[in-house]
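In case you want the letters, here they are:
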Amino acid sequence: MSNDIVLHSNNIISMIEKAKQNTLSAVNSELISLYWSVGKYLSDESARSSWGDSFIDSLSDKIQENYPEIKGFNRRGLYRMRQFYETYKDNTIVSPLVTQISWSNHLLILSGAKTIEEKEFYINLCIKEKYSKRELERQIDSAYFQRYLISEKKLEPVQLEKRTKSHFMDTYILEFLDLPKNYTEKEFQKAIIHNLKDFILEIGKDFSFIGEEFRVQVANSDYFIDLLFYHRGLSCLVAFELKIDKFKPEYLGKMNFYLEALDRDYKKPNENPSIGVILCASKENEVVEYAMSRNISPTMISEYNLKLIDKKILEQKLREYKELLPDNSSKL
């Protein structure tokens, strides 16, 4: 009976995961189709208008003035859409494929591939390998296309560390989907935390996910850590806390409180002390701070800093999230 329940539950989970993937694929297809249509419109109107490129500049200003909540349609975004359409409009091989990869990957290919043949190559590679932005960037940076052309035998792409596949939501899809007009700041933050979890698993070496809103108990009171991971290379628990706010010193105190609870109740004897990562996004800046036990040696601190995700990468991700921050947030 128990084996049958496990089998049936696994079948249902597979259906759920497939439905999630189909939903994201459908949203991505709609998004890319929209950008293609806007790019065509801008291309046609720019050609007809006596204003030239200033037509797009004026259009962007008007959109931002009347619809400030719409993301991605600033001057830079509109020029990218026109470039996207004009690059592939006459290519009967590529144009049917454009909706099958993310907008982030399209932007990488447009900027990183010099010829239309190279662009076509990377689009097909993305579709075949289901590459994330980071994975595609690695192939472009390694000049895989050029090496493939001169190789006497079939050259395989640069191999990346295999990770558990997740439905990583491209930042542009997150923008495009939008939250309801009356969403709360807590709902917004939860959506970002879920996206952040996928980002850490994708880019963070040796991270294994343990839980979201992970509960720790201190003196009969429950507290919840935004994200908790285990780092295999460091043999320790890593807690992440996201604040849609300016950095405050008390955030370090609260994180240290969490770390003591983790070390007392969850850390195994052979593991190293837990560490915390605090991420703060406000209109003024992005701050990433590490919280570590005072008992950790300087050598261990150096190892932690070396093996954790680089602060600059996390700060860049926070900058992407900042573009989605609600304008009326009381904390900003």
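No experiment lies behind these values; they were computed from the predicted model shown. (Residues numbered from 1 in each chain as written. Predicted model: local features only at pLDDT ≥ 70, side-chain atom pairs only at ≥ 80, totals over all residues. Heavy atoms only, no water.)

Engineer: Help me out: how do you make sense of the sheet that holds strand β4 (residues 275-281) in this one?
Structural biologist: The strands making up a sheet are joined through hydrogen bonds of the backbone, oriented either antiparallel or parallel. Reading across from one edge, β1-β2-β3-β4-β5 is the order of the five strands in this open sheet, with mixed pairing throughout. Looking along the sheet, the strands with just one partner apiece sit at the ends: β1 (207-218) and β5 (286-291). The mean angle between the axes of side-by-side strands here comes to 30°, regardless of whether they run parallel or antiparallel. With 10 bridges joining them, β1 and strand β2 (residues 221-231) adopt antiparallel strand pairing. Bridge assignment links Arg-215 to a residue of β2, and that residue is Phe-224. Across the face of the sheet, helix α12 (residues 311-322) comes into contact with β3 (236-243), β4 and β5 while running at roughly 135° to β5. (Pairing = 2+ DSSP bridges. Helix = DSSP H or I, 4+ residues; strand = E, 2+ residues; numbered from the N terminus. Axes fitted to C-alpha atoms, helices over the stretch in contact; angles between N-to-C directions. Contact = heavy atoms within 4.5 Å.)

Engineer: Just to check I follow, could you spell out the nonpolar core for this structure?
Structural biologist: Here is a general trend for soluble globular proteins: nonpolar side chains tend to be buried in one another's company. Core analysis: the biggest nonpolar cluster contains 40 residues, and Leu-78, Phe-84, Tyr-88, Trp-103, Ile-109, Tyr-122 and Leu-136 have the highest contact counts within it. Looking at this core, the elements that each hand over two or more residues are α1 (2-48), α2 (54-66), α3 (75-88), α4 (103-112), α5 (116-129), α6 (133-141), α7 (144-150) and α8 (171-177). Element by element, the count of residues in this core is highest for α1, at eight residues. Grouped together as the second largest cluster of nonpolar side chains are 30 residues, Phe-207, Leu-242, Tyr-290 and Ile-309 included. (Core = buried A, V, L, I, M, F, W, Y, C linked by side-chain atoms within 4.5 Å. Buried < 20%, exposed > 50% of the residue type's maximum accessible area, 1.4 Å probe, protein only.)

Engineer: Got a minute to help me understand unusual backbone geometry in this structure?
Structural biologist: A positive phi angle is found at Lys-130, which is not glycine, with a value near 55°. If you trace the backbone, Lys-130 turns up in the loop between α5 and α6. The exposure class of Lys-130 is exposed, given its relative accessible area of 64%. The phi torsion at Glu-213 lies on the positive side, around 50°, for a residue other than glycine. Here Glu-213 is to be found in strand β1.

Engineer: Hey, could you run me through the confidence of the model for the protein chain in this one?
Structural biologist: Regions with low pLDDT should not have their predicted coordinates read in detail. The share of residues in the protein chain with pLDDT of 70 or more is 85%, and the mean pLDDT across the chain is 82. pLDDT under 50 marks residues 162-168. Its contacts with residues more than four places away, or in other chains, come to 20 contacts. Contacts for the low-pLDDT stretch residues 327-332, under 50 throughout, to residues beyond four places or in other chains number 12 contacts. (pLDDT = per-residue confidence, 0-100.)

Engineer: Explain the environment of Asn-74 to me, please; I cannot follow it from the model alone.
Structural biologist: Tracing the chain through its elements places Asn-74 in the loop between α2 and α3. Assessed through its relative accessible area of 37%, Asn-74 is described here as partly exposed. With 11 residues separating them along the chain, Asn-74 and Ile-63 place their C-alpha atoms 7.8 Å apart. Here Gly-77 takes part through its backbone nitrogen, which lies 2.8 Å from a polar atom of the side chain of Asn-74. (Polar contact = N/O pair within 3.5 Å; in protein donor to acceptor, adjacent residues only side chain to side chain.)

Engineer: Sorry if this is basic, but what is going on with a nonpolar patch on the surface here?
Structural biologist: A contiguous nonpolar surface patch, about 390 Å² in accessible area, is contributed by Ile-12, Ile-13, Met-15 and Ile-16. Following the sequence through the fold, Met-15 ends up in helix α1. Taking the relative accessible area as the measure of exposure, Met-15 reaches 57% and is therefore exposed. (Patch = residues over 30% accessible without salt bridge, like charges linked within 9 Å, V, L, I, M, F, W, Y side chains within 5 Å. Areas by Shrake-Rupley, 256 points an atom, 1.4 Å probe, with all protein chains shown as cover. Salt bridge = Lys/Arg side-chain N within 4 Å of Asp/Glu carboxyl O.)

Engineer: Can you help me understand the packing of α3 against α4 in this one?
Structural biologist: Each pair of packed helices can be described by the angle between their axes along with the distance between the axes. Contact geometry for α3 and α4: axes closest at 11 Å, N-to-C directions at 70°. Between α3 and α4, the interaxial angle falls into the category roughly perpendicular. Packed against α3, whose contacting residues are Arg-80, Met-81, Gln-83, Phe-84, Thr-87 and Tyr-88, the element α4 presents Trp-103, His-106, Leu-107, Ile-109 and Leu-110 at the interface. (Parallel < 35°, antiparallel > 145°, perpendicular 65-115°, else oblique.)

Engineer: Explanation requested: the packing of aromatic side chains in the structure shown.
Structural biologist: Aromatic ring pairs: the centre-centre distance and the angle between the two ring planes describe each pair. Within the structure shown, the criterion is met by 20 aromatic pairs. Between the aromatic rings of Phe-84 and Trp-103, the centroid separation amounts to 5.0 Å while the plane-to-plane angle is 90°, which identifies the pairing as edge-to-face. Of this pair, Phe-84 sits in helix α3 while Trp-103 is found in helix α4, placing the two residues 19 residues apart along the sequence. Trp-103 matches Phe-84 in its accessibility class, with the two residues each being buried. (Phe/Tyr/Trp six-rings, centres within 6.5 Å; stacked < 30°, edge-to-face > 60°.)

Engineer: What is the right way to look at the pattern of salt bridges in this model?
Structural biologist: Pairing between side chains of opposite charge can happen when their charged atoms approach one another. Enumeration over the complete set of coordinates arrives at 10 salt bridges. Asp-44 is the partner of Lys-40 in a salt bridge, and the nearest nitrogen-oxygen pair spans 2.9 Å. On the criterion of helical spacing, the pair formed by Lys-40 and Asp-44 is a turn pair, its members being four residues apart in helix α1. According to the relative accessible area criterion, Lys-40 is partly exposed, its value standing at 36%. Residue classification places Asp-44 among the partly exposed positions, given a relative accessible area of 26%. A salt bridge links Glu-45 to Arg-48; its shortest N-O distance comes to 2.5 Å. Here Glu-45 pairs with Arg-48, and both are found in helix α1, just three residues apart, close to one helical turn. Note on Arg-48: relative accessible area 61%, which makes it exposed.

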